[in-house]
Amino acid sequence: MNEIVERRAGHPVPVAEEPLAARSPLVANLMDLVRADGHSPDFCGSRADYIQNRVQLLGLVYALLVVLWIPVDYLLLPERMVTSLMIMRVLACITFLAVALIRYNPHHLPLARFRLGLLVVIPCVFYFLSQLIMVQGVSAWVALGYGFYPYVMVAQLAIFALTLLEGLVLAAPVFIIVLASAAVRGELFTVESFATFWLLGLLLSLALWAQMSQL
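*Asks:* In this structure, what is going on with the nonpolar core? I would like to understand it.
*Replies:* In summary, soluble globular proteins display a tendency toward joint burial of nonpolar side chains. Counting residues in each nonpolar core, the largest one holds 44 residues, and the members touching the most others are I51, L77, L116, L119 and F160. Taken together, the elements giving at least two residues each to this core come down to α3 (41-68), α5 (79-101), α6 (109-133), α7 (140-147), α8 (149-155), α9 (164-185) and α10 (191-214). Take this core: its biggest share by element is nine residues, from α6. If sequence neighbours within four positions are ignored, F160 has contacts with Y50, I51, R54, V55, L58, L116, L119, Q211 and Q214.

Now the structure itself:
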């Protein structure tokens, strides 16, 4: 334990330094919302179980929705794109099912974070590859449908009890993949890209607030 030496009547007297939480409960509570270092093991275990339950539910929902969109692609996309996207959707469905159903330790927080990270990374990869396939141009309706992916990826984080740092780390891949996709399309420095990032930032701020409120 660190000690502070005070001089009393000319003699040094060791005085135990007070913990941060004892000096400022408000600061300690705010830091618990920023990072998880001060959380108790029981709390971390309960939070891990809470996160993994929701990851399982979302993974199953995404696995279903990603294949249900195949007929829409078939109707709206050129034939040369449909096959590639259909293969990607089947692979995405399999990975979503794996994330949802493979669950070893429900109270292990690092594993819960990893599974939640996969729930973000899988749609990011799918979105970027789909943008590469459709870079030659598609109808406005198709572009609109696929354009919702980044917003959904950010908005989904609002249902999890996360710290500020966890939320920012999980949202980072979404912003990176949107930036890369805009660069591929040659729209990096356009008004549309600025509006996309502005809206993503707004959604992220709301998601972070919701995450920390649950925490």
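Alright, that's what it looks like, and here's the rest.
*Asks:* Explanation requested: the packing of α5 against α6 in the structure shown.
*Replies:* How two helices sit against one another is set out by the angle between their axes and by the gap between those axes. Running from N to C, α5 and α6 point in directions that differ by 180°, and their axes come no closer than 10 Å. Classified by the interaxial angle, the pair formed by α5 and α6 is roughly antiparallel. Side by side, α5 and α6 meet where M81, S84, L85, M88, R89, A92, T95, F96, V99 and A100 of the first sit next to R115, L118, L119, I122, P123, F126, L129, S130 and I133 of the second. Its residues assigned to classes, the contact of α5 with α6 shows 14 nonpolar, three polar and two charged.

*Asks:* So what exactly am I meant to see when it comes to a nonpolar patch on the surface here?
*Replies:* Residues Y74, L75, L76, W141, L144, F148 and V152 make up a contiguous nonpolar surface patch of roughly 850 Å² in combined accessible area. Counting residues per element, the ones that place at least two in the nonpolar patch are α4 (70-76) and α7. A total of three residues in the nonpolar patch trace back to one element, the largest contributor, which is α4. Positionally, L75 belongs in helix α4. Accessibility expressed as a relative area gives 69% for L75, which makes it exposed.

*Asks:* Help me understand α5, please; the structure alone is not making it clear to me.
*Replies:* An α-helical turn contains 3.6 residues, so a residue and the one three or four places further along point in the same direction. Taking 1.5 Å of rise per residue, the 23 residues of α5 would be expected to cover 33 Å, and the 33 Å separating its terminal C-alpha atoms lies within 8% of that figure. Buried within α5 we find M81, V82, L85, M88, R89, A92, C93, F96, V99 and A100.

*Asks:* Help me out: how do you make sense of the packing of α9 against α10 in this one?
*Replies:* One can describe the packing of α9 onto α10 by two numbers: an axis separation of 10 Å at closest approach and a directional angle of 165°. Classified by the interaxial angle, the pair formed by α9 and α10 is roughly antiparallel. The handedness of the crossing between α9 and α10 is right-handed. Judged by residue contacts, L164, G167, L168, A171, F175, V178, L179 and A182 of α9 engage S193, T196, F197, L200, G201, L204, L208, Q211 and M212 from α10. A class-by-class count of the residues in the contact of α9 with α10 yields 12 nonpolar, five polar and no charged.

*Asks:* Could you clarify how one ought to interpret the packing of aromatic side chains in this entry?
*Replies:* The geometry of an aromatic ring pair is captured by two quantities: the separation of the ring centres and the angle between the planes. Applying the stated criterion to the full structure yields seven aromatic pairs. Joined through ring pairs, the aromatic side chains of F126, Y127, Y146 and Y149 make up one cluster.

Calculation notes
- Residues numbered from 1 in each chain as written.
- Predicted model: local features only at pLDDT ≥ 70, side-chain atom pairs only at ≥ 80, totals over all residues.
- Heavy atoms only, no water.
- Core = buried A, V, L, I, M, F, W, Y, C linked by side-chain atoms within 4.5 Å.
- Buried < 20%, exposed > 50% of the residue type's maximum accessible area, 1.4 Å probe, protein only.
- Helix = DSSP H or I, 4+ residues; strand = E, 2+ residues; numbered from the N terminus.
- Contact = heavy atoms within 4.5 Å.
- Axes fitted to C-alpha atoms, helices over the stretch in contact; angles between N-to-C directions.
- Parallel < 35°, antiparallel > 145°, perpendicular 65-115°, else oblique.
- Nonpolar A, V, L, I, M, F, W, Y, C, P; charged D, E, K, R; others polar.
- Patch = residues over 30% accessible without salt bridge, like charges linked within 9 Å, V, L, I, M, F, W, Y side chains within 5 Å.
- Areas by Shrake-Rupley, 256 points an atom, 1.4 Å probe, with all protein chains shown as cover.
- Salt bridge = Lys/Arg side-chain N within 4 Å of Asp/Glu carboxyl O.
- Expected span 1.5 Å × (residues − 1).
- Left-handed = near helix turned anticlockwise from the far one by under 90°.
- Phe/Tyr/Trp six-rings, centres within 6.5 Å; stacked < 30°, edge-to-face > 60°.

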